[in-house]
Amino acid sequence: MYFEGKSQITDEEIKAALDFCTKQVLHYLPEFTYEYQNAYSVDNFYKPIKNVDWTNGFWTGEIWLSYEHTGDERLKDAAFIQIDDYLKRIEERVHVDHHDMGFLYSPSCVAGYKLAGNETGKKAALLAADNLMSRFHEVGEFIQAWGPMDSENEYRLIIDCLLNLPLLYWATNETGDNKYKDIADRHIHTALSNLIREDKSTWHTFFFNKETGAPDHGATQQGYRDGSAWARGQAWGVYGIALAYRYTKREEYIGIFKDVLGYFLSHLPSDLVPFWDFEFTDGADQPRDSSSAVIACCGMLEMAKYLPKAEADEYIAVARKILKSVYDNYAVRSHEESNGLVLHATYSNRSPYNRCNHYGVDECNSWGDYFYMEALTRLIKDWQLYW
Ligand code: GLY
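The paragraphs below set out a description of the structure included in this document. Since the structure is predicted, the reported quantities are computational estimates derived from the model, not experimental observations.

Looking now at the packing of aromatic side chains. Under the counting rule described, the total for this entry stands at 38 aromatic pairs. Relative to tryptophan 276, the ring of tyrosine 224 has its centre 6.1 Å away and its plane inclined at 75°; by these criteria the two rings are edge-to-face. Note that tyrosine 224 is positioned in the loop between β7 (215-219) and α8 (231-248) and tryptophan 276 in the loop between α9 (252-266) and α10 (290-303), a separation of 52 residues in sequence. This pair shows no difference in class: tyrosine 224 is buried, exactly as tryptophan 276 is. An angle of 85° between the planes, with centres 5.4 Å apart, marks the rings of phenylalanine 264 and phenylalanine 278 as edge-to-face. One end of the pair, phenylalanine 264, is in helix α9; the other, phenylalanine 278, is in the loop between α9 and α10, with 14 residues separating them in the sequence. One exposure class covers both phenylalanine 264 and phenylalanine 278, and it is buried. An aromatic cluster is defined as three or more aromatic residues linked by ring pairs; in this entry it consists of Tyr40, Trp54, Phe58, Phe103, Trp236, Tyr239, Tyr347, Tyr359, Trp367, Tyr370, Phe371 and Trp387. Here the basic side chain of arginine 197 rests over the ring of tryptophan 203, its NZ or CZ set 4.1 Å away from the ring centre. Over the ring of phenylalanine 275 we find arginine 288, and its NZ or CZ is 4.0 Å from the ring centre.

Structure, rendered in structure tokens:
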């Protein structure tokens, strides 16, 4: 591990970073009010897209985090416009036949409801929660990630889904109906029983037998190879398990969190920002995934709330060291350099052993930008989660 002697991001640097992020969001807001930033940039610039991808919520989330930082009403107005669009999307079922309802509706609509009492946001997010519920399989006890529900080839969960589940806990809280929370609890149990390997690295996706529900096999979609540790999958695990603990308070999840985080931290390269897959480290001619670094920071900062002070302080210090590296070496510095916030992330990198499409490699991506802002915000205030 390389944490010894590394400096931490200071409160002044955090403030300066957030000041720039919110200036950047405000600068590009006119272009991205009725449209959204794409999932990934091309030559560090995002193109506008309609509300059609699993990633739109991150841009709206950046708007809400900027609103929290500045109180600028232009941001709230834009987010309200987008919330109407999210309601339309779920009512008209535009590209919602997948599990990413939390990524879409938590940082946009739940945030708008929590921060500004937006009732349309509440309505849209509850519909999204119902949609997520409809993807639960009793046989196997998990929420199916992608594809038609009767497809044998898609009878699997993925580690990323842990971030979709807070929407269900929120729905139980709002409606008083435990059905949402119960499904989330059961999915987490299945996911954590199968996704974590002996060395504490994680499978990206895990298949079940469609007839019996028995665990079948792990596989990657976006990692280098089936048995490698895709950096973002491990990061989704870190943050997702912290959130699982937040909502279930199951003691055993603390140990699982430490295991999965331990693997992540002990495989970082010297600048503390992972390559896109832990197959690679210092000296590799491979792209980084800066988004994994900031996602893991959010997970550490969340879990620090529930741990004894000495351990909590250690996690906060580690998060500050990683964020210092991101701030110094990866953060965008001007409107002209990029319309995003964090450079050198990787969305989907083709390898000889995976079957994913090749795009968003060594670019900004919208969740990297969002979780960078979230991690910074967590360090300067008692941030109330959108998740
Ligand atoms: N959830 C998809 C990804 O992390 O790329």
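Time to look at the sheet that holds β7. Within the open sheet, the three strands sit side by side as β5-β6-β7. Their pairing is antiparallel. The two strands at the open ends of the sheet, each matched to only one other strand, are β5 (156-158) and β7. Neighbour-to-neighbour, the strand axes of the sheet open up by a mean angle of 20°, direction not taken into account.

Right, let's get into helix α7 (residues 179-194). Across its 16 residues, α7 extends 23 Å between first and last C-alpha, which sits within 8% of the 22 Å expected from 1.5 Å per residue. Every buried residue of α7 is listed here: Tyr180, Ile183, Ala184, His187, Ile188, Thr190, Ala191, Leu192 and Asn194.

The end-to-end C-alpha distance of helix α2 (residues 56-70) is 22 Å, a good match for the 21 Å that 15 residues give at a rise of 1.5 Å each. A large share of α2 lies buried, amounting to 12 of its 15 residues. Among the residues of α2, those classed as buried are Asn56, Gly57, Phe58, Trp59, Thr60, Gly61, Glu62, Ile63, Trp64, Leu65, Ser66 and Tyr67. Those residues of α2 hidden inside the fold are in contact with α1 (11-28), β1 (36-37), β2 (48-49), α3 (73-92), α4 (101-116) and α12 (366-380). Looking one or two places after α2, you find glycine 71, whose phi comes out positive at around 70°.

In the vicinity of the ligand, the residues found are Trp54, Asp160, Gln222, Trp230, Arg232, Trp236 and Tyr347. Here glutamine 222 contributes a side-chain N or O atom positioned 2.8 Å from an oxygen atom of the ligand. About the coverage of the ligand: the protein hides 95% of its 200 Å² of free accessible area.

A separate point is the pattern of salt bridges. Close approach of charged atoms lets side chains of opposite charge pair. Enumeration over the complete set of coordinates arrives at 27 salt bridges. Measuring nitrogen to oxygen at the nearest pair gives 3.8 Å for the salt bridge that ties lysine 200 to aspartate 259. In this pair, lysine 200 is assigned in the loop between α7 and β6 (205-208) and aspartate 259 in helix α9, connecting sequence segments 59 residues apart. Using a relative accessible area of 32% as the deciding quantity, one classes aspartate 259 as partly exposed. Connected through salt bridges with shared partners, the residues Arg246, Glu302, Lys305, Glu374 and Arg378 form a single ionic network.

Residues Tyr105, Leu168, Ile322, Phe371, Tyr372 and Trp387 are the most contacted members of the largest nonpolar core, which totals 133 residues. A total of 10 residues in this core trace back to one element, the largest contributor, which is α8. Once residues lying within four places of it in the same chain are set aside, the contact partners of tyrosine 372 are Ala17, Cys21, Val294, Leu323, Val326, Tyr327, Ala331, Leu341 and Val342. Formed by five residues, the second largest nonpolar core is a distinct cluster that contains Phe20, Val332, Leu343 and Cys364.

A few words now on the pairing of β6. Of the two faces of β6, the one holding Thr205 and Phe207 and the one holding Phe206 and Phe208 are both buried throughout. As paired elements, β5 and β6 share three bridges and run antiparallel to each other. Considered in β6, the bridge of leucine 157 is made with phenylalanine 206. Here β6 pairs with β7 via four bridges, running antiparallel.

Of note, glutamate 31 is situated in the loop between α1 and β1. Judged by relative accessible area, glutamate 31 falls into the partly exposed class, the value being 40%. Along the chain, glutamate 31 and asparagine 339 lie 308 residues apart, while their C-alpha atoms are 11 Å from each other.

Mapped onto the elements, glutamate 311 comes out in helix α11 (residues 309-329). Sequence separation between glutamate 311 and asparagine 38 is 273 residues; the distance between their C-alpha atoms is 38 Å.

About the criteria used
Residues numbered from 1 in each chain as written. Predicted model: local features only at pLDDT ≥ 70, side-chain atom pairs only at ≥ 80, totals over all residues. Heavy atoms only, no water. Phe/Tyr/Trp six-rings, centres within 6.5 Å; stacked < 30°, edge-to-face > 60°. Helix = DSSP H or I, 4+ residues; strand = E, 2+ residues; numbered from the N terminus. Buried < 20%, exposed > 50% of the residue type's maximum accessible area, 1.4 Å probe, protein only. Lys NZ or Arg CZ within 6 Å of the ring centre and 35° of its normal. Pairing = 2+ DSSP bridges. Axes fitted to C-alpha atoms, helices over the stretch in contact; angles between N-to-C directions. Expected span 1.5 Å × (residues − 1). Contact = heavy atoms within 4.5 Å. Near = heavy atom within 4 Å. Polar contact = N/O pair within 3.5 Å; in protein donor to acceptor, adjacent residues only side chain to side chain. Areas by Shrake-Rupley, 256 points an atom, 1.4 Å probe, with all protein chains shown as cover. Salt bridge = Lys/Arg side-chain N within 4 Å of Asp/Glu carboxyl O. Core = buried A, V, L, I, M, F, W, Y, C linked by side-chain atoms within 4.5 Å.

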